[in-house]
Amino acid sequence: MADLVFFTGPMDCGKSTLALQLDHTQRVGGRAGLLCTSQDRSGAAQISSRLGLVEPAVEVSADLDFWTHVVHALTGGARIDYLICDEAQFYTAVQIDQLARIVDELSIDVYAFGILSDFRTQLFPGSKRLVELADRIETPQVQPLCWCGQQATHNARTVDGRMVTEGSQVVVGDTTSEIAAAGEPAPEVGYEVLCRRHHRRRMTRAVAQATLSPEPLPFGSDEADEFEAEQSAF
Ligand SMILES: Nc1ncnc2c1ncn2[C@@H]1O[C@H](COP(=O)(O)OP(=O)(O)O)[C@@H](O)[C@H]1O
Ligand SMILES: Cc1cn([C@H]2C[C@H](O)[C@@H](COP(=O)(O)O)O2)c(=O)[nH]c1=O
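Parameters and conventions
Residues numbered from 1 in each chain as written. Chains lettered and ligands numbered in written order. Predicted model: local features only at pLDDT ≥ 70, side-chain atom pairs only at ≥ 80, totals over all residues. Heavy atoms only, no water. UniProt positions renumbered as here; feature names shortened; annotations may be inferred. Core = buried A, V, L, I, M, F, W, Y, C linked by side-chain atoms within 4.5 Å. Buried < 20%, exposed > 50% of the residue type's maximum accessible area, 1.4 Å probe, protein only. Helix = DSSP H or I, 4+ residues; strand = E, 2+ residues; numbered from the N terminus. Contact = heavy atoms within 4.5 Å. Near = heavy atom within 4 Å. Polar contact = N/O pair within 3.5 Å; in protein donor to acceptor, adjacent residues only side chain to side chain. Areas by Shrake-Rupley, 256 points an atom, 1.4 Å probe, with all protein chains shown as cover. Nonpolar A, V, L, I, M, F, W, Y, C, P; charged D, E, K, R; others polar. Domains from an automatic or database assignment. Pairing = 2+ DSSP bridges.

Where an unreviewed UniProt entry is consulted, the protein appears under the name Thymidine kinase, with the organism given as Enemella evansiae. Quoted verbatim from the Sequence similarities (unreviewed entry) field of the UniProt record, the comment on the protein reads "Belongs to the thymidine kinase family."

What follows is the structure, encoded as structure tokens:
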């Protein structure tokens, strides 16, 4: 029996890497897959992993009908045993229903990968529908960490280096940890993974570093006191 599996976790937890590993392993095992993605960071119709793996993929725009696409490919003689669907948070709820139908009526496995919630902690429509319909929800084994060392569970968006909680749900971009480590200036829009506590407090790595440094504090002393009390608890 085929399955609809949703692999989910915050940005930078290895979802695209796992998607390409799964595809490779299945292909080596003699199965044939169709790779799909939506608005990959690279700007091209491909699944790209931060570890450097890249594979071409069907670009899933809002008007793509998965059912029609797959049935058309099958009737044209293609073999499809499974679908790899990256950046599935950007798919519409209707497209997730089409994927479930493909699993149930065509016995094709669908492996979907995506983040659950946006920078405001609200579910993406595609992810919400996947949680509702998936046979299984899996979390990749590598867990990214918040700057405090706790497991990072939430995605923060930064604009000009400052965390924001308002804006469009979709703004394609990358995490800034490696950019910051290399000493490069933050991009206009970036992302940082945080634990819930620091996401709630809008306490990004930059804010924490500024607070801990002997430089003048960037925010009110109440917030700084709260932050120092929290640090002594670790
Ligand atoms: N130079 C590196 N060496 C080893 N692992 C790396 C390196 N750069 C990135 N990674 C790993 O790549 C993973 C991010 O992969 P990716 O598939 O792009 O994530 P996601 O799709 O979840 O955003 C992280 O687990 C990170 O630790
Ligand atoms: C939190 C959040 C993220 N995005 C975008 C940023 C990236 O382009 C993708 C996530 O990709 P990854 O492979 O998981 O790193 O989603 C967004 O548009 N809106 C958000 O709130």
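(A) Fine view of the nonpolar core. Counting residues in hydrophobic clusters, the biggest one holds 25 residues, and the most contacted among them are Phe66, Leu83, Cys85, Tyr91, Leu99, Ile102 and Val110. Elements supplying a minimum of two residues to this core: strand E1 (4–8), strand E2 (33–37), helix H2 (66–75), strand E6 (82–85), helix H3 (93–106) and strand E7 (109–114). Sorting elements by how many residues they give to this core places H3 first, with five residues. Discounting chain neighbours no more than four positions away, the residues touching Tyr91 are Cys36, Thr37, Ser38, Val60, Phe66, Cys85, Asp86, Ile96, Leu99, Pro125 and Gly126. By size, the runner-up hydrophobic cluster in this structure holds 12 residues, among which are Leu20, Ile47, Tyr111 and Phe113.

(B) Structural detail: the site of ligand 2. Residues in contact with ligand 2 amount to 20 residues; listed here are only the nearest, Lys15, Glu87, Phe119, Gln169 and Val171. The separation between a nitrogen atom of ligand 2 and a polar side-chain atom of Arg157 is 3.3 Å. Between ligand 2 and the protein, one listed contact pairs an oxygen atom with a backbone N or O atom of Val171 at 2.9 Å. Summarising the interface, the protein chains cover 99% of the accessible area of ligand 2, which totals 490 Å² for the free molecule. Residue composition of the shell around ligand 2, grouped by class: nine nonpolar, four polar and seven charged. Counting the residues that make up the shell around ligand 2, at least three belong to each of domain 1 (2–136) and domain 2 (152–210).

(C) Spotlight on the site of ligand 1. Residues in contact with ligand 1 amount to 13 residues; listed here are only the nearest, Asp12, Lys15, Ser16, Thr17 and Arg50. Measuring from an oxygen atom of ligand 1, one finds a side-chain N or O atom of Arg50 at 2.5 Å. Protein burial of ligand 1: of its 580 Å² of free accessible surface, 67% is covered by the chains. Per-element tally for the shell around ligand 1: the top contributor is helix H1 (residues 15–28), with three residues. Class assignment for the residues of the shell around ligand 1 results in four nonpolar, four polar and five charged.

(D) How the structure looks around the pairing of strand E9 (residues 154–159). Among the six residues of E9, five are classified as buried, and the element is accordingly described as predominantly covered. Sheet analysis places E9 next to strand E11 (residues 189–194), joined by six bridges and oriented antiparallel. Counted as the bridge partner of Asn155 is Val193 from E11. One ladder, built from three bridges, connects E9 with strand E10 (residues 162–164); its direction is antiparallel. When the bridges of E10 are listed, Val159 appears paired with Arg162. From the end of E9 to the start of E10, which pair antiparallel, there are two residues, and Asp160 there has a positive phi angle of about 50°.

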